[in-house]
Each structure stands twice: as C-alpha cells, then as structure tokens.
Amino acid sequence: QVQLVESGGGLVQAGGSLRLSCAASGGTFSRYVMGWFRQAPGKEREFVAAITWSGGSIYSADSVKGRFTISRDNAKNTVRLQMNSLKPEDTAVYYCAASSHVVRVAITEEYDYWGQGTQVTVSS
C-alpha cells in the first residue's frame, strides 16, 4: 500500500509560481509512474503531467506545457510539480497519483494510489 501526501499549495497572484511536492511511502517508489492531476469546482479531474520510473519520459497536458515541470527524486521518494506563469484557470485541487502498470498516463483509472490533494488558488 502506497501513501501519498501532497504539499506546497496556496494562494498566488497570476503570473506567480508555486512548487508542489508529493511524498510517497509504503512502496518501492522507483517502480511507480507518478502523475499530477487537478480538479476545479464543478469539473472532472484532469491530467496535468506524468513522469516514468526513471524520469526518462515526461508527459504534460497542452494547457500547462512550457509553464509546469514535473520531476522526481527516487532517493527521496518525492515527485514535484514546478508551476510557473500561473493563471486563474489553474485554480484547482491538485492530486498526486501513482501507478505500477499505467499505459495511458492521462487516464485517472490507470492509477492505483492517490493523495488527499492540495489547493492551488490563482488570483487575477
């Protein structure tokens, strides 16, 4: 059983930056593909970014390309999401997710474990 705990959310002005972190425990972190998803009020949870086991492959949603960067540190069992040039439409609860078998990284059902989420609010 893998436990995921997100941190780093908060309130920021448009154009600002935040860095989210997700700490994993209870499993072999390096065996998991890690993803970030977000869910705004009244909307479905959507894919943000994902990174494979060794960090060799990175995937990002078109809406965040060039602004958000996902990275992982297998020695520290941590995955991060650096968010720059934030926009009000980035406001959402951000979730960290892990999967040992994912094929379609953007699909929520492919992930086995989820964190509790951290709120990101971008003011205009």
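Residues numbered from 1 in each chain as written. Predicted model: local features only at pLDDT ≥ 70, side-chain atom pairs only at ≥ 80, totals over all residues. Heavy atoms only, no water.

Participant: So what's going on with the pairing of strand E8 (residues 78-83)? Residues and values would help.
Facilitator: Two faces, one strand: in a regular strand the side chains alternate between the faces of the sheet. Summarising the sheet, strand E3 (residues 18-25) and E8 pair through 6 bridges and their orientation is antiparallel. Among the inter-strand pairings, Arg19 is bridged to a residue of E8, identified as Gln82. Bridge count for strand E7 (residues 68-73) against E8 is 6 bridges, and the pairing is antiparallel. Within the sheet, the bridge partner assigned to Ile70 lies in E8 and is Leu81. (Pairing = 2+ DSSP bridges. Helix = DSSP H or I, 4+ residues; strand = E, 2+ residues; numbered from the N terminus.)

Participant: So what's going on with the state of the cysteines? Residues and values would help.
Facilitator: Counted by the stated rule, this structure contains 1 disulfide. Across a sulfur-sulfur distance of 2.1 Å, Cys22 and Cys96 are joined as a disulfide pair. Linking Cys22 and Cys96, the disulfide has an S-S dihedral of approximately -80 degrees and is accordingly described as left-handed. Of this pair, Cys22 sits in strand E3 while Cys96 is found in strand E9 (residues 92-99), placing the two residues 74 residues apart along the sequence. Judged by its relative accessible area of 0%, Cys22 is buried. (Disulfide = S-S within 2.5 Å. Buried < 20%, exposed > 50% of the residue type's maximum accessible area, 1.4 Å probe, protein only.)

Participant: A description of the nonpolar core should follow, citing residues and the corresponding values.
Facilitator: Core analysis: the biggest nonpolar cluster contains 38 residues, and Leu4, Met34, Trp36, Val79, Leu81, Met83 and Tyr94 have the highest contact counts within it. Looking at this core, the elements with two or more residues in it are E3, strand E4 (33-39), strand E5 (46-51), E7, E8, E9 and strand E11 (118-123). (Core = buried A, V, L, I, M, F, W, Y, C linked by side-chain atoms within 4.5 Å.)

Participant: Kindly report on the side chain of Arg72, identifying the contributing residues and their values.
Facilitator: With respect to the helices, strands and loops of the structure, Arg72 is situated in strand E7. Despite its burial, Arg72 pairs with no opposite charge; the closest candidate is Asp73, at 8.3 Å N-O. Within the structure, Arg72 has its side chain in polar contact with the backbone oxygen of Tyr32 (distance 2.8 Å). Residues within four places of Arg72 in sequence aside, it is in contact with Phe29, Ser30, Tyr32, Val33, Met34, Ile51, Thr52, Trp53, Gly55, Thr78 and Val79. (Lys, Arg positive; Asp, Glu negative; His and termini not counted. Salt bridge = Lys/Arg side-chain N within 4 Å of Asp/Glu carboxyl O. Polar contact = N/O pair within 3.5 Å; in protein donor to acceptor, adjacent residues only side chain to side chain. Contact = heavy atoms within 4.5 Å.)

Participant: A description of the environment of Leu81 should follow, citing residues and the corresponding values.
Facilitator: Counting through the fold element by element, Leu81 comes out in strand E8. Residue Leu81 is classed as buried on the basis of its relative accessible area of 0%. Considering only alpha carbons, one finds Leu81 and Ser21, 60 residues apart in sequence, at a separation of 6.5 Å. Contact partners of Leu81, with chain neighbours within four places excluded, come to Leu18, Arg19, Leu20, Trp36, Val48, Ala49, Phe68, Thr69, Ile70 and Tyr94.

Participant: A description of the packing of aromatic side chains should follow, citing residues and the corresponding values.
Facilitator: One pass over the full model with this rule turns up 5 aromatic pairs. Taken together, a centroid distance of 6.1 Å and an interplanar angle of 75 degrees make the contact between Tyr32 and Tyr113 edge-to-face. One end of the pair, Tyr32, is in the loop between E3 and E4; the other, Tyr113, is in strand E10 (residues 113-114), and 81 residues separate them in sequence. An aromatic cluster is built from Phe37, Phe47, Tyr111 and Trp114, whose rings are joined through pairwise contacts. (Phe/Tyr/Trp six-rings, centres within 6.5 Å; stacked < 30°, edge-to-face > 60°.)

Just geometry here; none of it tells us what the structure is for.
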